[in-house]
Amino acid sequence: MIKIPYFSALSTYFSFGLLFVFGHVRDFFRNIFDFFHSSNLQGYAPICSGQEDFYVRRYYHRIQDCFGRPISSAPDVWFDIVHRYSNDNNKTMKRTSKVTRCLNLGSYNYLGFAAADEYCTPRVIETLNRFSPSTCSPRVDGGTTTLHKELEESVANFVGKPAAIVFGMGYATNAATLPVLIGKGGLIVSDSLNHSSIINGARGSGATIRVFQHNTPSHLEEVLRQHIAEGQPRTHRPWKKIVVLVEGIYSMEGELCKLPEIVAVCKKYKAYVYLDEAHSIGAVGQTGKGVCELLGVDTADVDVMMGTFTKSFGSCGGYIAGSKELIQYLQYTSPAHLYATSISPPAAQQIISSIRVILGEDGSGRGVIKDSFFLF
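This structure is a prediction, so every number in the text was calculated from the model and none was measured.

## Details of the overall build of the protein chain
No. 1: A tally of helices and strands in the protein chain yields 12 helices and 13 strands.
No. 2: Structurally, the protein chain occupies a C-alpha span of about 65 × 60 × 50 Å along its principal axes.
No. 3: Within the protein chain, the proportion of its 376 residues that are buried is 43%.
No. 4: Sequence separation of at least 24 residues holds for 64% of the intrachain contacts in the protein chain that already meet a minimum separation of 6.
No. 5: Carbon together with sulfur atoms contributes 57% to the accessible area of the protein chain, which is approximately 21100 Å² in total.

Pasting the structure below:
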């Protein structure tokens, strides 16, 4: 980890604290002036209370122009940033016609497939003409096309699992799947730095949640040993199911998961392994098949493999790969499969085509590995 100089850290915290103090002073006087003005919503509780949106009003608005900037081109290596201006101290931003060409360091278009591609783009356009921009239906009604079945087969073969199911949104893949896999009476042991989608999915499951220190297999073992010995709260009955949630690559830290050690601990205590490969699938491994390939872990030892198509594949959506019994169960129970609109056919074709390029099946040789990097 990079160590921050003391002066930089001190000046940053001092500035943050100064804004905090001045923000509360401004809020104090604001409340005084608002007290003498009648409200049009008398009797209603405020939708956003003063404390809930304090950060937005007193911190974020000052530097809002640095974030959420619209672009007017594909998210390639270089892209066009649209200039904006504000007449109300950054509360609202208005676009201009002026753009600046900038180096893209903020996208997770890891392999460049989100821009025009010589192999993928023509096939996506052909699919758009043949099908439509959207199926306008969930998978269980009219939302399953031949492309969706082909995509699920391609994903299963690519990650090395018997079967797979795909969803239209990567975030919802975790948030909607975890509550189906485990519920009350189950134990979830989650890495302390897991993604928000995992956290929300775990909370929505109703299972007991415990956290282990980030990427520390020894602490994971301590947590498992302790809670297996104690059992469920109050009743002390054995847990119905134990699931350990980890990510392949932790994007904010840039760290690889210590997967071999974590799998060994889970085997020892008979806990299921749920692996989120949103940032690793397609990007690491000798043939781009993720951390299992990179770290030499048998995919059979990972019970549930999750990933998204928004990073390495330049598309949208997510997948769950596992045993045929698991995928069939999700087809019958997952709300993201039963009620949400399926992946757009052109987006599905984009994923299929990009997988072919990564595997070298397009005939171009771009997916060939040299010194562990793709030749894109």
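## Notes on the pattern of salt bridges
No. 1: Taken as a whole and judged by the stated rule, the model has 14 salt bridges.
No. 2: Its salt-bridge partner being Arg101, residue Asp80 comes within 3.1 Å of it at the nearest N-O pair. Separated by 21 residues along the polypeptide, Asp80 in strand S1 (residues 78-85) and Arg101 in strand S2 (residues 94-103) bring together distant segments of the chain.
No. 3: Taking the relative accessible area as the measure of exposure, Asp80 reaches 18% and is therefore buried.
No. 4: One salt bridge in this structure joins Arg366 and Asp117, with 2.7 Å as the shortest N-O distance. Highlighted residues: Arg366 in the loop between helix H12 (345-358) and strand S12 (369-370) and Asp117 in the loop between S2 and helix H3 (120-130), separated in sequence by 249 residues. By the burial criterion, Arg366 is buried, and Asp117 matches it.
No. 5: Several salt bridges converge on common partners, so that one network encompasses Asp27, Asp53, Arg57 and Arg58.

## Looking at the packing of aromatic side chains
No. 1: Applying the stated rule across the entire model yields 9 aromatic pairs.
No. 2: Ring centres of Phe28 and Phe29 lie 5.4 Å apart, and the angle between their planes is 80°; this geometry places the pair in the edge-to-face category.
No. 3: Residue classification places Phe29 among the partly exposed residues on the basis of a relative accessible area of 44%.
No. 4: Centroid distance Tyr55 to Tyr59: 5.8 Å. Interplanar angle 25°. Geometry classified as stacked.
No. 5: Its relative accessible area of 8% is what places Tyr59 among the buried residues.
No. 6: Through a chain of ring-to-ring contacts, three or more aromatic side chains come together here, namely Phe16, Phe20, Phe54, Tyr55 and Tyr59.
No. 7: One residue, Lys311, lies across the ring of Tyr108, its end atom 4.5 Å from the ring centre.

## Observations concerning the sheet that holds strand S6 (residues 241-247)
No. 1: The strand order across the open sheet formed by 7 strands is S3-S11-S10-S9-S6-S4-S5, and the pairing between neighbours is mixed. Only two strands of the sheet have a single partner each, and these edge strands are strand S3 (163-167) and strand S5 (208-212). Each adjacent strand pair in this sheet contributes to an overall mean axis angle of 20°, direction not counted.
No. 2: Pairing of S6 with strand S9 (residues 272-276), which is carried by 5 bridges, proceeds in the parallel orientation. Bridge pairing links Glu247 to Asp276 in S9.

## Brief notes about the UniProt feature "transmembrane region" (unreviewed entry) in the protein chain
No. 1: As annotated in UniProt, the feature "transmembrane region" (unreviewed entry) corresponds to residues 6-25 in the numbering used here.
No. 2: For residues 6-25, helix accounts for 100% and strand for 0%, while the C-alpha atoms at its two ends are 28 Å apart.

## Considerations on the pairing of strand S10 (residues 304-308)
No. 1: S10 sits mainly inside the fold: 5 of its 5 residues count as buried.
No. 2: Here S10 shows a buried face lined by Val304, Met306 and Thr308 and a second buried face lined by Met305 and Gly307.
No. 3: Pairing between S9 and S10: 3 bridges, direction parallel. Of the residues in S10, the one forming a bridge with Asp276 is Met306.
No. 4: Sheet topology places S10 next to strand S11 (residues 318-322); 4 bridges connect them, and they run antiparallel. Paired with Met306 across the bridge in S11 is Ile320.

Definitions and cut-offs
- Going along each chain's sequence as written, the residues are numbered from 1 onward.
- In keeping with the model being predicted, local features are shown solely for residues with a pLDDT of at least 70 and side-chain atom pairs are shown and tallied solely at 80 or more, while totals for entire chains, interfaces and linings include all residues.
- Computation of side-chain values covers all heavy atoms of the structure but excludes hydrogens and water.
- Helix numbering and strand numbering both begin at the N terminus, where a helix is a DSSP run of H or I of at least 4 residues and a strand a DSSP run of E of at least 2.
- The buried label goes to any residue with under 20% of its type's maximum accessible area, the exposed label to any with over 50%, and the partly exposed label to all in between, with areas taken from a 1.4 Å probe on protein chains only.
- Contacts between residues were defined by any pair of non-hydrogen atoms, one from each residue, lying within 4.5 Å.
- For every accessible area listed, the method is Shrake-Rupley and the probe measures 1.4 Å; residues are considered covered only by the protein chains on display.
- A pair is scored as a salt bridge if a Lys or Arg side-chain nitrogen falls within 4 Å of a carboxyl oxygen belonging to Asp or Glu.
- Think of it this way: a Phe, Tyr or Trp ring, Trp meaning its six-membered ring, pairs with another when their centres are within 6.5 Å, and the plane angle makes it stacked under 30 degrees, edge-to-face over 60, tilted otherwise.
- Two conditions define a charge located above a ring, namely a distance within 6 Å from the ring centre to NZ of Lys or CZ of Arg, and an angle within 35 degrees of the ring normal.
- We treat two strands as partners when DSSP finds at least two bridges between them.
- Where helices are involved, their axes are fitted lines through C-alpha atoms of the stretch in contact, as for all axes, and angles between N-to-C directions lie from 0 to 180°.
- UniProt positions are given in the numbering used here, feature names are shortened, and annotations may be inferred rather than shown by experiment.

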